[in-house]
Amino acid sequence: MTDKSRLSRSSLATLNAHVLSPEWREPEIGIVHLGIGNFHRAHEALYTEEAMLARPGDWGICGVTLQGDVSKRDALMEQDGLYSIVERGPDGVRVTVVRALREVLAMPFDRARLFALLADERVRIVSLTVTEKGYCRDPQTGDADIAHPGIARDLAHPDEPSTVPGILCAALKARRDAGKPSFTVLSCDNLSHNGDALRQAVCSFARRLDPALAEWIETQVAFPSTMVDRIVPATTDADREAAQSALGVWDRVPVPCEPFRQWVIEDRFPAGRPAWEAAGAQLVDDVAPFEVAKLRMLNATHSTLAYLSMLAGFETISDAVGHAPLRALIHEMMTREIAPTLDVPASFDLLAYRDALLARYANPALKHRCAQIAMDGSQKMPPRILSTIAARLDAGRSIERLALATAAWFKFLRGRADDGTRHEIDDPLAERLTKAAEGAGTPEGLVDAMLAVNEVFPPDLARNPAFREALVRAAAKLQSGAVAAIAEYARID
Ligand code: CS2
């Protein structure tokens, strides 16, 4: 393939005009982003691109893959960091090219370059989308988990870190030792209070090596929280073809996504930030209400749809909500079980939010696979579903639909759909979870074996009899198949 026929800085001039904004000035790197997956590329990178178009500044991004994914680095670098966004709405496809990504690194191969950038005070923000498990937290305390092999290794070799707490700690130590100002650390993952959660993981890690450094981080480093939202599936050949036909050149790594996007950010950036508000981000004093509402409404129903669909045989989220009883089930779950637990400002209309979510899920063009959402349940269930269950139980309220979602996860962990089709369990606790799920025959046995997994179920919740009973009822109902259980739970009061 010639340079002109694939997306790169040298083919930019040949692109169809509507995919690019003309008034672009190449920025220097000002942001290092850990976890350069599709989500970041369709979200923060795009907001940053538009912010720089509105107000030029040096906020170019260096993206880092922490899994040593050299092929992802190389594919993006062969295109000079350029890629396209394939926005798929019910009414058609819109393709745009993003230029904010200036460099891509793969850990551990590019360690020296990464640490040189992190030490450079022109880098003013380090942001992250590393998924829940990337934080390496002890689920009971929220501190960096010293039983985690990566954390243990980084504590023993702090100069060659590979985990997020280890990398941030080493980089912040270098800033402190050189007398330089810190960068702001911006978590963009779906965790409750993601900024505070990251600060605790980093500070508890630092305290074990150097208490004075922990103190410096506590006082000198800002960890604003954010709520991020955009549905971004994995890239398929259909996306590459859509990009090719809009661009006129070949893009190996386009990102598909829905038209909707939202970003609510706590405005604490002592070292400055891009004018993200010019791109539609909401800068607020407290993101907690937005964050909790998104986790409990969107992410919780996503996981519910995913586990029930993996059993029932619906492949995508739009297929899942196309099944009327399943759509009714999550509609009622949001209305009756989730929304009443949320404490949001009066201007936040939770029922309108619910309806907007259902419309987004129904987008037939998106093809968001349930198997992708079903990953990492041990990390996702606590903030998405178990936190609502705990709040409901505290208030003496019913939890039937939430219990069905949880029991569907248990059954999913057995690795087979209701028709016997096999699926993989992709989860950091996979071995433990599948053993517990497979070993137990009766609904009671399954529920008790799962409730004993204390990395997922806090002791108070695991011991709650109303929770156990609701889970046993749901697990028993799922024995006659997910479709039958969905039909019944869609109707209950
Ligand atoms: C999804 C999220 O994969 C998942 O678990 O629930 O990635 C979801 O699509 C995003 O949070 C939407 O903003």
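Small disclaimer: the values here were computed from a predicted structure and weren't measured.

A. Up close: the overall build of the chain. Looking only at helices and strands, one finds 21 helices and eleven strands in the chain. Rg of the C-alpha trace for the chain: 23 Å, near the compact-globule value of 23 Å for 493 residues, within the 12% margin. When the backbone C-alpha atoms are referred to their principal axes, the chain occupies close to 60 × 55 × 45 Å. Of all intrachain contacts in the chain linking residues separated by at least 6 positions in sequence, the fraction that spans at least 24 positions is 77%. Carbon and sulfur atoms provide 50% of the accessible area of the chain, an area that totals close to 19,400 Å². Averaging the coordinates of the 56 positive side-chain charges in the chain and doing the same for the 67 negative ones gives two points 1 Å apart.

B. View of the sheet that holds strand S8 (residues 226–229). Taken in spatial order, the three strands make up an open sheet running S8-S10-S11, and their pairing is mixed. With partners counted over all chains shown, the strands left at the sheet margins are S8 and strand S11 (282–284), one partner each. Ignoring which end each strand starts from, the neighbouring axes of this sheet average 15° apart. Judged from the four bridges that link them, S8 and strand S10 (residues 262–266) form a sheet pairing that is antiparallel. Bridge assignment links Val228 to a residue of S10, and that residue is Trp263. Along the sheet, helix H10 (residues 288–312) contacts S8, S10 and S11; its crossing angle with S8, the most-contacted strand, is approximately 35°.

C. Spotlight on the pattern of salt bridges. In total, this model carries 38 salt bridges according to the counting rule given. Measuring nitrogen to oxygen at the nearest pair gives 2.6 Å for the salt bridge that ties Glu50 to Arg261. Here Arg261 lies in the loop between strand S9 (255–257) and S10 and Glu50 lies in helix H2 (residues 44–54), a separation of 211 residues in the sequence. Residue classification places Arg261 among the partly exposed residues on the basis of a relative accessible area of 22%. Ionic pairing is found between Glu332 and Arg336, a salt bridge with its closest N-O pair at 2.6 Å. Taken together, the positions of Glu332 and Arg336, both in helix H12 (residues 324–338) and four residues apart, correspond to about one turn of that helix. Each of Arg55, Asp267, Arg273 and Glu277 takes part in salt bridges that share partners, so that together they form one network.

D. Molecular detail of the domain arrangement of the chain. Per the domain assignment, the segments of the chain are domain 1 (3–284) and domain 2 (288–490). Here the C-alpha centroids of domain 1 and domain 2 sit 29 Å apart. The partner domain 2 presents 27 residues to the 30 residues of domain 1 that form the contact. Between domain 1 and domain 2, the buried area comes to about 2,200 Å², and carbon and sulfur atoms account for 57% of it. Three residues stand out in domain 1 for area buried against domain 2, namely Glu132, Lys133 and Ile231, and they jointly supply 25% of the buried area on that side. The closest approach of N and O atoms between Arg360 and Asp229, which form a salt bridge, is 2.9 Å. The interface formed by domain 1 and domain 2 holds ten residue pairs in polar contact (both at pLDDT 80 or more) in total. Broken down by secondary-structure element, the contributors of at least two residues to the side of domain 1 that touches domain 2 are strand S3 (83–89), S8 and S11. Tallying contributions element by element places S8 first for the side of domain 1 that touches domain 2, with four residues.

E. Representation of the packing of aromatic side chains. Throughout the structure, instances matching the rule amount to nine aromatic pairs. Considering the side-chain rings of Phe290 and Phe348, the 6.0 Å spacing of their centres and the 35° angle between planes classify their relative orientation as tilted. Remark: Phe348 occurs in the loop between H12 and helix H13 (350–361) and Phe290 occurs in helix H10; sequence separation between them is 58 residues. On the basis of relative accessibility, which here comes to 16%, the residue Phe290 falls in the buried class. Relative to Phe467, the ring of Phe457 lies with its centre 6.1 Å away and its plane at 50°, an arrangement referred to as tilted. Of this pair, Phe457 sits in the loop between helix H18 (443–451) and helix H19 (459–462) while Phe467 sits in helix H20 (residues 465–478), and the two are ten residues apart along the sequence. Phe467 shares its class with Phe457; the two are buried. Each residue in the set Tyr47, Trp263, Phe269 and Trp276 is aromatic and connected to the rest through ring pairs, giving one cluster. Geometry around Trp59 places Arg124 over its ring, the cationic atom sitting 3.8 Å from the centre.

F. Up close: the side chain of His40. One can find His40 in helix H1 (residues 38–42). Polar side-chain contacts of His40 include one of 3.3 Å to the side chain of His33.

G. View of the site of the ligand. What surrounds the ligand is the set Asn190, Val228, Asp229, Arg230, Lys294, Asn299, His302, His368, Ile373, Lys380 and Arg384. At 2.6 Å, a side-chain N or O of Lys294 approaches an oxygen atom of the ligand. Here an oxygen atom of the ligand and a side-chain polar atom of Asn299 are 3.0 Å apart. Across the complex, the protein chains shield 88% of the 350 Å² of accessible surface that the ligand would expose by itself. Listed by contribution, the elements that provide at least two residues to the shell around the ligand are S8, H10 and helix H15 (377–394). Ranked by residues supplied to the shell around the ligand, first place goes to H10 with three residues.

H. Examining the environment of Pro459 more closely. Turning to its location among the elements, Pro459 is positioned in helix H19. Residue Pro459 is classed as partly exposed on the basis of its relative accessible area, which comes to 42%.

I. Expanded view of the UniProt feature "domain: Mannitol dehydrogenase C-terminal" (unreviewed entry) in the chain. Within this structure's numbering, the places UniProt gives as "domain: Mannitol dehydrogenase C-terminal" (unreviewed entry) are residues 286–477. The straight-line gap between the two end C-alpha atoms of residues 286–477 is 41 Å; of that span, 67% is helix and 0% is strand.

J. Representation of the UniProt feature "domain: Mannitol dehydrogenase N-terminal" (unreviewed entry) in the chain in the model. In this structure's numbering, the residues bearing the UniProt feature "domain: Mannitol dehydrogenase N-terminal" (unreviewed entry) are residues 30–277. Between the end C-alpha atoms of residues 30–277 the distance is 17 Å, and the span holds 38% helix and 21% strand.

Rules used in this analysis
Residues numbered from 1 in each chain as written. Predicted model: local features only at pLDDT ≥ 70, side-chain atom pairs only at ≥ 80, totals over all residues. Heavy atoms only, no water. Helix = DSSP H or I, 4+ residues; strand = E, 2+ residues; numbered from the N terminus. Rg over C-alpha atoms; globule rule 2.2 N^0.38 Å. Contact = heavy atoms within 4.5 Å. Areas by Shrake-Rupley, 256 points an atom, 1.4 Å probe, with all protein chains shown as cover. Lys, Arg positive; Asp, Glu negative; His and termini not counted. Charge placed at Lys NZ, Arg CZ, Asp CG, Glu CD. Pairing = 2+ DSSP bridges. Axes fitted to C-alpha atoms, helices over the stretch in contact; angles between N-to-C directions. Salt bridge = Lys/Arg side-chain N within 4 Å of Asp/Glu carboxyl O. Buried < 20%, exposed > 50% of the residue type's maximum accessible area, 1.4 Å probe, protein only. Domains from an automatic or database assignment. Buried area = accessible area lost by both parts, 1.4 Å probe. Polar contact = N/O pair within 3.5 Å; in protein donor to acceptor, adjacent residues only side chain to side chain. Phe/Tyr/Trp six-rings, centres within 6.5 Å; stacked < 30°, edge-to-face > 60°. Lys NZ or Arg CZ within 6 Å of the ring centre and 35° of its normal. Near = heavy atom within 4 Å. UniProt positions renumbered as here; feature names shortened; annotations may be inferred.

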